[in-house]
Amino acid sequence: MELQLALDLVDIPGAKQLVAEVAEHIDIVEIGTPVVINEGLRAVKEIKEAFPNLRVLADLKIMDAGGYEVMKASEAGADIITVLGVSDDSTIKGAIAEARKHGKKIMVDMINVKDIEDRAREIDAFGVDYICVHSGYDHQADGKNSFEELAAIKRVVKQAQTAIAGGIKLDTLPEVIGAKPDLVIVGGGITGQADKKSTAAEMKRLVSGV
Ligand SMILES: O=C([C@H](O)CO)[C@H](O)[C@H](O)COP(=O)(O)O
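These lines cover the structure that appears in this document, whether it is placed above or below. Treat the numbers as computed from the prediction; the structure is a model and nothing was measured.

## Thoughts on the packing of helix H4 (residues 66-76) against helix H5 (residues 89-102)
Remark: H4 packs on H5, axes separated minimally by 7 Å, with the N-to-C direction vectors making an angle of 30 degrees. Remark: the crossing between H4 and H5 carries right-handed chirality. Of the residues in H5, those touching H4 at Gly66, Gly67, Val70, Met71 and Ser74 are Thr91, Gly94, Ala95, Glu98, Ala99 and His102. When grouped by side-chain class, the residues that make up the contact of H4 with H5 number four nonpolar, six polar and one charged.

## Things to note about the nonpolar core
If you look at the biggest cluster of nonpolar residues, it comprises 62 residues, and the most contacted ones within it are Ile106 and Val128. Within the second largest apolar cluster, 11 residues are counted, among which are Tyr130, Cys132, Ala165 and Leu183.

## Here we look at the pairing of strand E6 (residues 130-134)
With five of five residues buried, E6 is to be regarded as a mostly interior element. Neither face of E6 is exposed, since Tyr130, Cys132 and His134 on one face and Ile131 and Val133 on the opposite face are all buried. Summarising the sheet, strand E5 (residues 105-109) and E6 pair through three bridges and their orientation is parallel. The residue of E6 that forms the bridge with Val108 is Ile131.

## A few points about the sheet that holds strand E3 (residues 55-62)
In spatial order, the strands read E1-E2-E3-E4-E5-E6-E7-E8; together these eight strands close into a barrel with parallel pairing. Strand-to-strand twist in this sheet, taken as the mean axis angle between neighbours without regard to direction, amounts to 25 degrees. Taken together, the five bridges between strand E4 (residues 80-84) and E5 define a ladder with parallel strand orientation. When the sheet's bridge partners are listed, Thr82 is paired in E5 with Met107.

## Describing helix H3 (residues 42-50)
Within H3, burial applies to Ala43, Val44, Ile47 and Lys48. All buried residues of H3 project into a common sector of 125 degrees when viewed along the axis, lining one side. Turned more than 90 degrees away from the buried face of H3, the exposed residues are Arg42 and Glu49. Those residues of H3 that are buried are in contact with helix H1 (12-22), strand E2 (28-31), helix H2 (33-39), E3 and H4.

## What to know about the environment of Ala20
Its location among the elements puts Ala20 in helix H1. Given the relative accessible area of 53%, Ala20 is considered exposed. On a C-alpha basis, the gap between Ala20 and His134 in space is 26 Å, while along the polypeptide they are 114 residues apart.

## Digging into the site of the ligand
Not every one of the 15 residues close to the ligand is listed here, only the nearest: Asp8, Gln140, Gly167, Gly187 and Gly188. The separation between an oxygen atom of the ligand and a polar side-chain atom of His134 is 2.9 Å. Measuring from an oxygen atom of the ligand, one finds a backbone N or O atom of Gly188 at 2.8 Å. Burial of the ligand by the protein amounts to 92% of the accessible area it has alone, namely 400 Å². Within the residue set of the shell around the ligand, elements represented by two or more residues are H2, E3 and helix H7 (137-141). Of the residues contributing to the shell around the ligand, the split by class is four nonpolar, seven polar and four charged.

Thresholds applied
- Within every chain, residues take consecutive numbers counted from 1 along the sequence as written.
- Reporting of local features is limited, given that this is a predicted model, to residues whose pLDDT is at least 70; pairs of side-chain atoms are given and counted only at 80 or more, and all residues count toward the totals for whole chains, interfaces and linings.
- To obtain the side-chain values, all non-hydrogen atoms of the structure were used and water was disregarded.
- For helices, the axis comes from a line fit to the C-alpha atoms of the stretch in contact; other axes are also lines fit to C-alpha atoms, and the angle between any two N-to-C directions lies between 0 and 180 degrees.
- Strands are runs of DSSP state E lasting at least 2 residues, helices are runs of H or I lasting at least 4, and numbering of each runs from the N terminus.
- Take the far helix as the reference: if the near one is turned anticlockwise from it by less than a right angle, the crossing is left-handed, and if turned clockwise, right-handed.
- Contacts between residues were defined by any pair of non-hydrogen atoms, one from each residue, lying within 4.5 Å.
- In this classification, Asp, Glu, Lys and Arg are treated as charged, Ala, Val, Leu, Ile, Met, Phe, Trp, Tyr, Cys and Pro as nonpolar, and every other residue, Gly included, as polar.
- What we call a nonpolar core is a set of buried Ala, Val, Leu, Ile, Met, Phe, Trp, Tyr and Cys residues that are connected through their side-chain atoms within 4.5 Å.
- Each residue is assigned to one of three classes by its accessible area relative to the maximum for its type, calculated with a 1.4 Å probe on protein chains only: buried under 20%, partly exposed between the two thresholds, exposed over 50%.
- DSSP bridges decide pairing: two strands pair if at least two such bridges lie between them.
- Comment: arc refers to directions from the helix axis out to C-beta atoms.
- Only heavy atoms are used to decide nearness, and a residue is near a molecule or strand if one of them lies within 4 Å of it.
- The term polar contact refers here to a pair of N or O atoms within 3.5 Å; inside protein, the definition further demands a hydrogen-donor-capable atom paired with an acceptor-capable atom, and it admits residues adjacent in sequence only when both atoms are side-chain atoms.
- Here the Shrake-Rupley method, with its probe set to 1.4 Å, supplies the accessible areas, and only the displayed protein chains count as covering residues.

Listed below in structure tokens is the structure:
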């Protein structure tokens, strides 16, 4: 099981400082959607150049023009790029085809997918690399999490790796680990802590035990 740090509320210098603090305890660093909106794909490029040994995920949440947007993120140095599960099949297939040309991976974010089990089965058959259940910030504000959705996709996904994101903290991590995703994505659960390094270290210790 791997750990991904999601960076959402920082600028590029802030991202570099934060990653430097916790790099030894994470497997993947995510350049979050708000960072891409604020800073552009330059954030992906600069983080990849500064931390070449870390995999970098560009959380573009692609909804259209899958091939073109994956091409641009790949050129910026992203190793993994996100596409929305609610987007058209052709968008997801275009994203996968482009990613394969560059040796990159696609994660499908299932945020707001209504029939999660059926859609996960379909998307898995397209050959994506990761399928991620996700309670976004707005869902979290309503007190929701994605634990049941993770169990649902694990029933049907045969080839993709599974991931979970949204509001995961040190105290809820054991429950997440119990549901056996391949990848755990944590943003505020690390970035919002006074001691980010020791929190990331403890999270890494817990996910590595599985
Ligand atoms: O994808 C995310 C969200 O939609 C904002 O862009 C976050 O990166 C994801 O939810 C993980 O962050 P936390 O919920 O703070 O753990």
